[in-house]
Structure formats: C-alpha cells, structure tokens
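Chain by chain, the residues run as shown.
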Amino acid sequence: MSSNEIRSEIRLSFDHRVIFSENIFSVSNPLLADVLSQTNESTVSVSLFIDGGVVQFNSSLLEKIQNYFDFYSKRIQLVSLPFVVPGGEPAKNDEKLFRELINVMHDAKLCRHSYVLAVGGGAVLDSVCFAASIVHRGIRQVRIPTTVLAQNDAGIGIKNGIDLFGKKNFLGTFYPPFAVINDCFLLLSLNDREWRNGMAEAVKVALIRDPEFFCWIEENADSLVCRDMNAMKILIRRCAELHLRHIELGGDPFERGSMRPLDFGHWAAHKLEHLSGFKIGHGHAVAVGIAIDVIYSCLKKHLSFNEAQRILSCLIRLGFDLGVAELQIAHPITGSLLLLEGLSEFREHIGGKLCITLLSGIGKPLEVDEVDTAIIVKAVHGLIKKQEKVHTSAECSSVLSVQ
Ligand SMILES: NC(=O)c1ccc[n+]([C@@H]2O[C@H](COP(=O)([O-])OP(=O)(O)OC[C@H]3O[C@@H](n4cnc5c(N)ncnc54)[C@H](O)[C@@H]3O)[C@@H](O)[C@H]2O)c1
Ligand SMILES: [Zn+2]
C-alpha cells in the first residue's frame, strides 16, 4: 500500500422489508403503529404525505388516518397537517412543489428519529422519498404504495427521484426505506388504466427472471383484467419477491455497473412518457418498450418467433395498446424517430456505456452493448403499422413479420 493512501472497506447492511397487510388505517390493525414505534420508546413524530388521487377517490381516508393516529397517540403522533401531493408525474416535475415538501419537513422539525409516511403512486413516492432522503441526510421513510405499479415495483425498491431538464429521474438517491407496507384495499379505487399499467412491470420481471411466473401471468390474464384481487395479490407478491431478491443478491444494489436487467424495455419507455407529455403512464410505456425490445430480439434472431408472439399476445390480452401514436414522432429536419434519442439518454443515465437488456428466451435476459438502430426502426414500424390496436395473435404475427 502506498504511504499517501489510507484505505478501508466499508460494508453496509440494510434490512429491507415489504410487509403485506389489509386495511392498514383501521384502528383494529395495529401493524402501522407497531412498525412506526418499533425503534423508539417515546412517541414518534410522523409527517404524512399523501397522493391527491388517493384522497380524491377515498373521501373519508384522511379522517380515518387521523382517527388511527388519535387511537395510537401514545406511540405515534402526526406533527404536521397531512400534505396532499398532486398525483401522477406532476409530483416529479415541479421544483416549487419539491421545495414545499422540504419546507413541511423543516417546519415539522423532523429529525433523524422521525418518520416520513409516504402514501401514493410511484410518482408521489419517488418525489416524497427523495425529499426525505436528503433532509438531515436521510429521514426514515415508511412507504405505502397505492397503485399496482407502486406495490409491485416503484415503491418496493430502494430508488427515488424527480425529473429535471426534461429527463426522468435526473435527480434522486438510493435510500432503502425503513419499511414498505402493501395494502391491497388501497388498490380498490384505482381506475382500470392504473390497474392495468402495473402489470407491465410484472411481465417485465417475469420475462427476465422467472419463466414460470410468465406462464402464470399468461394463464391468469383474464382474471387479472377482470380485477380478481386474489390473482392480483399473487402477482404483486411474486414481483416483490423477485425485486427484493434482485436487490439483495444481484450484486449491484446501487447500480454502479452498466447492467440494468430490471430496466428491460425502459430505454424506450422513458422516452415515450416524455414524448407524450406524460399522458402515457409509466406502466403503459413499459409495455410498449417491452414490445419493441421483444420484436427487436426476434428480428435479431436471439428470440424465437413463437416466444415473441406469446409475449406480444400476453401484453395485448392484458389490455395494452402497443401502437401508440408517439412512436411516430419524427425530427422535423432529419426525419429520424425521436424515440431513438431514448437510447443515448439511457446510455447517459447509466454512465456512458450502452447496455441494453434483450431476450434470448422467456426468462433468459441477454445483455448487449450495441444496438442496430435500423432494426429498432423496423421493430417500431411493426408496431406503428398496427396503430389502430394490435388485437389478435394473427396481427401479432404480422407485426413480427416486418423483416
Ligand atoms: N423508484 C423506482 O424504482 C421506480 C420504479 C418504477 C417506476 N417508478 C416511477 O413511478 C411512477 C409511476 O408510478 P405509478 O404507475 O404508480 O403511477 P402514478 O404515481 O403516476 O399514479 C397514477 C395516477 O393514479 C393516482 N392514484 C394513485 N393511487 C391511487 C389510488 N389508490 N386510487 C385512485 N387513484 C390513485 C395518482 O393520483 C395518479 O393520478 C413513474 O414516475 C415512474 O418513473 C419508479
Ligand atoms: Zn419501470
């Protein structure tokens, strides 16, 4: 070792819990109070941030939450008025709002023994948890995800962030939550669109990690679309297991390397969300992104025609419109598809070297460090051709036959 260097290896270990329960704001369910008061003897201070969409469609929820805190007042105390955060992507796109979140945490005199309780969809969780992760260099956060996508993906990981410079998640941190509590009752007020969107992330994680789970999704697609809660609970739980296993055993929890298997389908998804002015939700964009990368994998002969067709059919049966108009937006001078900019933005986000996950089979991810943009364009045109909606598997075949 050179004399002008002192080196030590710092090993970090985090306990990362996703807890499943029902009706968590009912006074008869002590789980939330137990989780919040676990580490402190005295009454713990809590600030609540809640998604405006959740409040809008659950008119008595704020009152119910207040009753809950009153009932358990010896152990947990709300030290600020509940802060209602506008739901959806605007929660991540508003610097003034972000400053307000910080102000609330400051005015409530939260310290590193206090808790931020974040209740909402992925966007609200991303923004509130980012704020909580930088105040006092990190306040404990308990996340209560309220969309399918947040319960099976966004809310259960260790990342957060807000958008800046028109780029998704340009600011953000890795900050493991104190706990995540998934309550399926909170999903009841979702509209069909948000119910469906979260299933794209399930297809994604199944395709790269668990072929049996993909077969299960295929078999249960109709029940899932018909909002069978038991099927949805199985789907969410399996996704959570696969995610936590990836974070724990994947070897790169803070994503220092370039490989991002869980970002399968996401280079295109992030760009599509942006091109649509966030009218296309994240989950829907991920479904389209998966379709593009599946067709590309097939055109490049990595993935069999049959498997590609099964994947497209599954996405269509789940109700996703894969031929969104935003795929066609072209640069006014060069005529090239703006979607392709998603590749360079993705490269920049992961650190300069492109690494895209494709498939060589269902459950078999394949990392590549270059893509043939002409073939990507072919794959995209395959979806555009079916813009009116790719409804049947016969139409799937025609999409895959663009070669
Ligand atoms: N941090 C991560 O690891 C990670 C992973 C995946 C996605 N994300 C992010 O998550 C965001 C998408 O999250 P999302 O799909 O949950 O959507 P969302 O947060 O954008 O919410 C969609 C809509 O649903 C409403 N809503 C939320 N819960 C509701 C409920 N129970 N009842 C009625 N309406 C409700 C919201 O108000 C909003 O209008 C994107 O910004 C994406 O980038 C983050
Ligand atoms: Zn995602």
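What counts and what doesn't
- Sequence positions are assigned chain by chain, starting from 1 and proceeding in written order.
- For naming, the first written chain is A and the first written ligand is 1, with later ones following in the order written.
- It should be noted that, the model being predicted, local features are given only for residues of pLDDT at least 70 and side-chain atom pairs only at 80 or more, the latter also being counted only at that level, while totals for whole chains, interfaces and linings use all residues.
- With hydrogens and water stripped out, all remaining heavy atoms of the structure feed into the side-chain values.
- When two rings of Phe, Tyr or Trp (its six-membered ring) have centres within 6.5 Å they constitute a pair, described as stacked for plane angles under 30 degrees, edge-to-face for angles over 60, and tilted for the intermediate range.
- Only protein chains enter the area calculation, which uses a 1.4 Å probe; residues under 20% of their type maximum are buried, those over 50% are exposed, and those in between are partly exposed.
- For a ring to carry a charge above it, either NZ of a lysine or CZ of an arginine must fall within 6 Å of the ring centroid while also lying within 35 degrees of the normal to the ring plane.
- Nitrogen, oxygen and sulfur within 2.8 Å of a metal are treated as its donors, or within 3.2 Å for sodium, potassium and calcium (Na, K, Ca); water is not counted, so a site can appear incomplete.
- Here a helix means four or more residues in a row that DSSP labels H or I, a strand means two or more in a row labelled E, and each is numbered from the N terminus.
- Here a salt bridge means any side-chain nitrogen of Lys or Arg lying within 4 Å of a carboxyl oxygen belonging to Asp or Glu.
- Here pLDDT means the predictor's own confidence in every residue, given as a number from 0 to 100.
- Contacts are residue-level and defined by heavy atoms, with any inter-residue pair within 4.5 Å sufficient.
- By nonpolar core we mean a set of buried residues, namely Ala, Val, Leu, Ile, Met, Phe, Trp, Tyr and Cys, connected to one another through side-chain atoms within 4.5 Å.
- Any residue with at least one heavy atom within 4 Å of a molecule or strand is counted as near it.
- Two N or O atoms form a polar contact when they lie within 3.5 Å of each other; inside protein one atom must be a possible hydrogen donor and the other a possible acceptor, and for residues adjacent in sequence the pair counts only when both atoms belong to side chains.
- Only the protein chains shown count as cover for residues, and all accessible areas are computed by the Shrake-Rupley method using a 1.4 Å probe.
- For this classification, the nonpolar set comprises Ala, Val, Leu, Ile, Met, Phe, Trp, Tyr, Cys and Pro, the charged set comprises Asp, Glu, Lys and Arg, and every other residue, Gly included, is treated as polar.

Could you give me a rundown of the packing of aromatic side chains, with the residues and numbers involved?
For the structure on display, the rule yields ten aromatic pairs. Where Y68 meets F69, the ring centres are 6.3 Å apart and the plane angle is 70 degrees; that geometry is what we call edge-to-face. This pair shows no difference in class: Y68 is buried, exactly as F69 is. The rings of Y68, F69, F71 and Y72 are connected pair by pair, giving a single aromatic cluster. Positioned over the ring face of F178 is R17, at 5.3 Å from the centre of the ring.

Describe the coordination of the zinc ion (ligand 2), with residues and values.
Each donor-metal-donor angle in an ideal tetrahedron of four donors is 109.5 degrees, and each such angle in an ideal octahedron of six donors is either 90 or 180 degrees. At 2.0 to 2.1 Å from the zinc ion (ligand 2) lie its protein donor atoms, namely E201 (OE), H266 (NE2) and H282 (NE2). Mapped onto the sequence, the residues coordinating the zinc ion (ligand 2) show the spacing E-x64-H-x15-H. Here E201, found in helix α7 (residues 192-209), pairs with H282, found in helix α11 (residues 282-299); they are 81 residues apart in sequence, far enough to count as distant. Comparing E201 with H282, the two get one shared label, buried.

Could you give me a rundown of the pattern of salt bridges, with the residues and numbers involved?
Summed over all chains, the structure comprises 19 salt bridges. Among the salt bridges present, the one from R75 reaches D34, with a minimum N-O distance of 2.4 Å. Of the two residues, R75 is situated in the loop between α3 (61-71) and β3 (76-78) and D34 in helix α1 (residues 31-36); the sequence distance between them amounts to 41 residues. In the salt-bridge network here, residues are joined through shared partners; they are D210, R237, R238 and E241.

With reference to specific residues and values, describe the confidence of the model for the protein.
Averaged over the protein, the pLDDT score is 92; the fraction of residues at 70 or greater is 95%. The low-confidence segment residues 387-395 (pLDDT under 50) makes 14 contacts with residues lying over four places distant or belonging to another chain.

Go over the nonpolar core, please, and point to the residues and values.
Ranked by internal contacts, the top residues of the largest apolar core, which has 76 residues, are F213, I217, L235, I292, I311 and L327. Ranked by residues supplied to this core, first place goes to α11 with twelve residues. Residues contacting I292, with those up to four places away along its chain left out, are W267, A268, L327, L339, A379, V380 and L383. Ranked by size, the runner-up nonpolar core spans 29 residues in total, among them V54, L117, V119 and F178.

Describe unusual backbone geometry, and please don't skip the residues or the numbers.
In terms of backbone geometry, most residues other than glycine have negative phi values and most peptide bonds are trans. For R137, which is not glycine, the phi dihedral falls at a positive 60 degrees. Topologically, R137 is positioned in the loop between α5 (122-134) and β6 (140-145). The backbone phi angle of K301 is positive, close to 65 degrees, even though this residue is not glycine.

Any details on the site of ligand 1? Residues and values, ideally.
For ligand 1, the set of nearby residues contains 26 residues, the closest of which are D51, E89, T147, K168 and S189. Between ligand 1 and A123, the relevant distance is 2.9 Å, taken from an oxygen atom to a main-chain nitrogen or oxygen of the residue. At 2.7 Å from a nitrogen atom of ligand 1 is found a side-chain nitrogen or oxygen belonging to S189. Alone, ligand 1 offers 870 Å² of accessible surface; in the complex the protein occludes 88% of this. Secondary-structure elements contributing two or more residues to the shell around ligand 1 are α2 (52-57), α5, α6 (148-154) and α7. Residue composition of the shell around ligand 1, grouped by class: eight nonpolar, nine polar and nine charged.

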